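The primary structure of each chain is shown beneath.
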Amino acid sequence: MNFLRRRLSDSSFVANLPNGYMMDLQCPDSSTSSPVSPATERKHLQPAQPSHSSSSSIFSSISSAMKQTTQAAAGLMEPSAGPTPPMAQKPKVLLVIDDAHTDWAKYFQGKKVNGEFDIRVEQAEFSELNLAAYVMGGCMVDMQVMRNGTKVVRSFKPDFVLIRQHAYSMALGEDFRSLIIGLQYGGIHTVNSLYSIYNFCSKPWVFSQLIKIFNSLGPEKFPLVEQTFFPSHKQMAKLYQ
């Protein structure tokens, strides 16, 4: 710029210019618009952008909603209402078939099944029980016992049975195999197994299983007292006549 200023101020330089040149420089064409800088032109052509505060507010709202949804899905967000109180677990019913000389309830007091379910003990003898078993409904037991001179009548569905009495005896009224069949029919779990308890109701049947072991291992490893089986006392009496 300084160079041009010095050249234009030199009279000899201006005198050598063609006629009308300086006039053309001093009087620009009115039809030609003044130049606009590219940056200014781009600024005018750009569409109006939303304000930074408005966009930040919308983004914050979306982020907050997404965060709440994620926390709710992950179980991290506390519910608006108060916490739901835990439901009380129904105790498991243990039926103990035994006489009253042993109080089985005290052995299970304070105990839990899998650390979660309380144990409710119901104790009675075979002679104090009755039941009904169903294909889909399990087993319903009726109990009538005397407790301190008071007759106690209850009905319940046992979850497990502990058998501490013999289910069969040759004495009158001491055959309770029908109750064992009913428990098996209802799908009740027991100790010992109902299969073994029912088998042990017949001593000759148990002895026949021992004979199988005797024949398998031999008399030296598994000795047995020799016995003879008769279907009834009549056949035995005929043999020794």
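You'll find the structure just up there.
Throughout this document, residue positions are counted from 1 along each chain, in the order its sequence is written. Per-residue local features are limited, in this predicted model, to residues with pLDDT of at least 70; the limit for side-chain atom pairs, both in listing and counting, is 80 or more; totals at the level of whole chains, interfaces and linings are taken over all residues. The side-chain quantities take in all heavy atoms of the structure and omit both hydrogens and water.

Caption draft 1: View of the sheet that holds strand β7 (residues 160–163). Strand order in this open sheet of 5 strands is β2-β3-β1-β7-β8, and the pairing throughout is mixed. Strand pairing shows two members of the sheet lacking a second neighbour, β2 (112–113) and β8 (189–191), which therefore form its edges. In this analysis, strands are considered paired if DSSP registers two or more bridges between them. We count a stretch as a helix when DSSP gives it H or I for four or more residues in a row; a strand needs E for two or more, and each element gets its number in order from the N terminus. The pairing of β7 with β8 spans 3 bridges and is parallel. Counterpart to Phe 160 in the pairing with β8 is His 189.

Caption draft 2: Representation of the pairing of strand β1 (residues 92–97). Judged by how many residues are buried, β1 sits mostly within the fold: 5 of 6 residues are covered. Bridge count between β1 and strand β3 (residues 117–124): 6 bridges; the pairing is parallel. Residue Leu 94 lies in a different strand from β3, and its bridge partner there is Val 121. When β1 meets β7, the two strands line up parallel, connected through 4 bridges. Directly across from Leu 95, in β7, lies its bridge partner Val 161. Between buried and exposed lies partly exposed: a residue is buried under 20% and exposed over 50% of the maximum accessible area for its type, with that area taken using a 1.4 Å probe on protein chains only.

Caption draft 3: Local environment of helix α6 (residues 177–185). Taken together, the buried positions of α6 are occupied by Leu 179, Ile 180, Gly 182 and Leu 183. Viewed end-on, α6 has its buried residues packed into an arc of 160°, placing them on one side of the element. Of the exposed residues in α6, the ones pointing more than 90 degrees away from its buried face are Ser 178, Gln 184 and Tyr 185. In this description, contact between two residues means that some pair of their heavy atoms is separated by no more than 4.5 Å. In the core, the buried residues of α6 are packed alongside β4 (129–134), β5 (138–147), β7 and α7 (194–199). Where α6 terminates, the next one or two residues include Gly 187, which has phi positive at roughly 70°. In this context, the arc is that of the directions from the helix axis out to the C-beta atoms.

Caption draft 4: Local environment of the packing of aromatic side chains. Whether two aromatic rings pair depends on their centres lying within 6.5 Å, for rings of Phe, Tyr and Trp, where Trp uses its six-membered ring; planes under 30 degrees apart make the pair stacked, over 60 edge-to-face, and the rest tilted. Taken as a whole, this structure holds 2 aromatic pairs when the rule is applied. A ring pair is formed by Trp 104 and Tyr 107, whose centres lie 5.7 Å apart and whose planes are at 55°; its orientation type is tilted. Look at Trp 104 and you get buried, because its relative accessible area is 15%. The exposure class of Tyr 107 is partly exposed, given its relative accessible area of 47%. Ring centres 5.3 Å apart and planes at 10° place the aromatic pair Phe 126 and Phe 176 in the stacked group. In this pair, Phe 126 sits in the loop between β3 and β4 while Phe 176 sits in the loop between β7 and α6, placing the two residues 50 residues apart along the sequence. Neither residue differs from the other here; Phe 126 and Phe 176 are each classed as buried.

Caption draft 5: Representation of the sheet that holds strand β6 (residues 150–156) within the structure. Strand order in the open sheet formed by 3 strands is β4-β5-β6, with antiparallel pairing between adjacent strands. At either margin of the open sheet sits one strand with a lone partner, and together these are β4 and β6. When the angles between neighbouring strand axes are averaged without regard to direction, this sheet yields 10°. Here β5 runs beside β6; their pairing, made up of 7 bridges, is antiparallel. Within β6, the position partnered with Met 143 by the bridge is Arg 154. Lines are fitted to the C-alpha atoms to define the axes, a helix being fitted only along its stretch in contact, and any angle between axes, read from their N-to-C directions, falls within 0 to 180 degrees. Running over the sheet, α6 touches β4 and β5 and is turned about 35° from β4.

Caption draft 6: Just helix α8 (residues 203–217), in detail. Relative to the 21 Å expected for 15 residues at 1.5 Å per residue, α8 spans 21 Å between its end C-alpha atoms, a close match to the ideal helical length. Just downstream of α8, Gly 218 is the residue with a positive phi angle, here 95°. In this scheme, a helix's expected span is set at 1.5 Å multiplied by one less than its residue total.

Caption draft 7: Molecular detail of the pattern of salt bridges. Take a side-chain nitrogen of Lys or Arg and a carboxyl oxygen of Asp or Glu: if they are within 4 Å of each other, that pair is a salt bridge. All chains considered together, the criterion is met by 4 salt bridges. Between Asp 118 and Lys 112 there is a salt bridge, and its shortest N-O distance comes to 2.4 Å. On the accessibility criterion, Asp 118 (37% relative accessible area) is partly exposed. We note a salt bridge from Glu 122 to Arg 154, for which the minimum N-O separation is 2.8 Å. Of the two residues, Glu 122 is situated in strand β3 and Arg 154 in strand β6; the sequence distance between them amounts to 32 residues. Salt bridges linked by common partners bring Arg 120, Glu 122 and Arg 154 together as one network.

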